[in-house]
Amino acid sequence: MAKHHPDLVMCRKQPGIALGRLCEKCNGKCVICDSFVNPASIVHICNECNYGSFEGKCVVCGGNGVTDVYYCRECVKLGKDRDGCPKVVNLGSTKTDLFYERKKYGFKKR
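Residues numbered from 1 in each chain as written. Predicted model: local features only at pLDDT ≥ 70, side-chain atom pairs only at ≥ 80, totals over all residues. Heavy atoms only, no water.

*Asks:* Mind laying out empty space enclosed by the protein, listing which residues take part and the relevant values?
*Replies:* Tallied over the entire structure, the rule returns 1 cavity of 30 Å³ or more. Taken as a whole, the largest cavity spans an internal volume of roughly 30 Å³. Considering the residues around the largest cavity, the lining is formed by L19, R21, I45, C49, N50, F54, G56, K57, C58 and K87. Each residue belonging to the lining of the largest cavity can be placed in one class, and the counts come to 5 nonpolar, 2 polar and 3 charged. (1 Å grid on protein atoms, 1.4 Å probe; cavity = no way out; pocket = protein on both sides within 12 Å on 5 of 7 lines; lining within 4 Å. Points joined across faces, edges and corners; volume = space filled by probe spheres on them. Nonpolar A, V, L, I, M, F, W, Y, C, P; charged D, E, K, R; others polar.)

As structure tokens, this is what we get:
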């Protein structure tokens, strides 16, 4: 997700023992590069990102987690799996702007 949306900010704290989860929409993606191929290493997230209401939520979009998250083989070879907790902290300015534009003009989501 972060590869295609540069305005997304990841947590990057020291990962703990909690495993990351993905929702049905994001299922099968690598957290770093969005590829659907060669899952190699399981993702661990920090304890703060798995605490309270965030427990079991999707690492990318915040939906209900269904499956475990894996890094792809390329990200493991490049060492991107050691950069810290990969949970997306903010939604990004484009999603936030879309929300307020819809609210401003009164459009409702179907």
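There's plenty left to go through after this.
*Asks:* Got a sec to walk through the confidence of the model for the chain? Specific residues and values, please.
*Replies:* Looking at the chain as a whole, its pLDDT mean stands at 85, while 84% of the residues score no less than 70. Mean pLDDT values over the elements of the chain span from 69, in helix 2 (residues 93-105), up to 95, in strand 4 (residues 44-45). (pLDDT = per-residue confidence, 0-100. Helix = DSSP H or I, 4+ residues; strand = E, 2+ residues; numbered from the N terminus.)

*Asks:* Can you lay out the environment of N50 for me, pointing to particular residues and giving the numbers?
*Replies:* Mapped onto the secondary structure, N50 falls in the loop between strand 4 and strand 5 (67-68). N50 sits 34 residues away from G16 along the chain, and the two C-alpha atoms are 9.4 Å apart. Residues contacting N50, with those up to four places away along its chain left out, are A18, I45, E55 and G56. (Contact = heavy atoms within 4.5 Å.)

*Asks:* Pulling in residues and values, what's your account of the pattern of salt bridges?
*Replies:* On inspection of all chains with the given rule, the structure shows 2 salt bridges. For the salt bridge of E48 with K13, the shortest nitrogen-to-oxygen distance reads 2.4 Å. With E48 in the loop between strand 4 and strand 5 and K13 in the segment before strand 1 (18-19), this residue pair connects regions lying 35 residues apart in the sequence. (Salt bridge = Lys/Arg side-chain N within 4 Å of Asp/Glu carboxyl O.)

*Asks:* Give me unusual backbone geometry: which residues, what numbers.
*Replies:* The backbone of R12 shows a phi angle near 65°, a positive value even though the residue is not glycine. Here R12 is to be found in the segment before strand 1. Residue class for R12 comes out partly exposed when judged on its relative accessible area of 34%. Positive phi outside glycine occurs at D34, with the angle close to 65°. Checked against the element boundaries, D34 lands in the loop between strand 2 (21-22) and strand 3 (39-42). Here D34 falls in the buried class, since its relative accessible area comes to 14%. (Buried < 20%, exposed > 50% of the residue type's maximum accessible area, 1.4 Å probe, protein only.)

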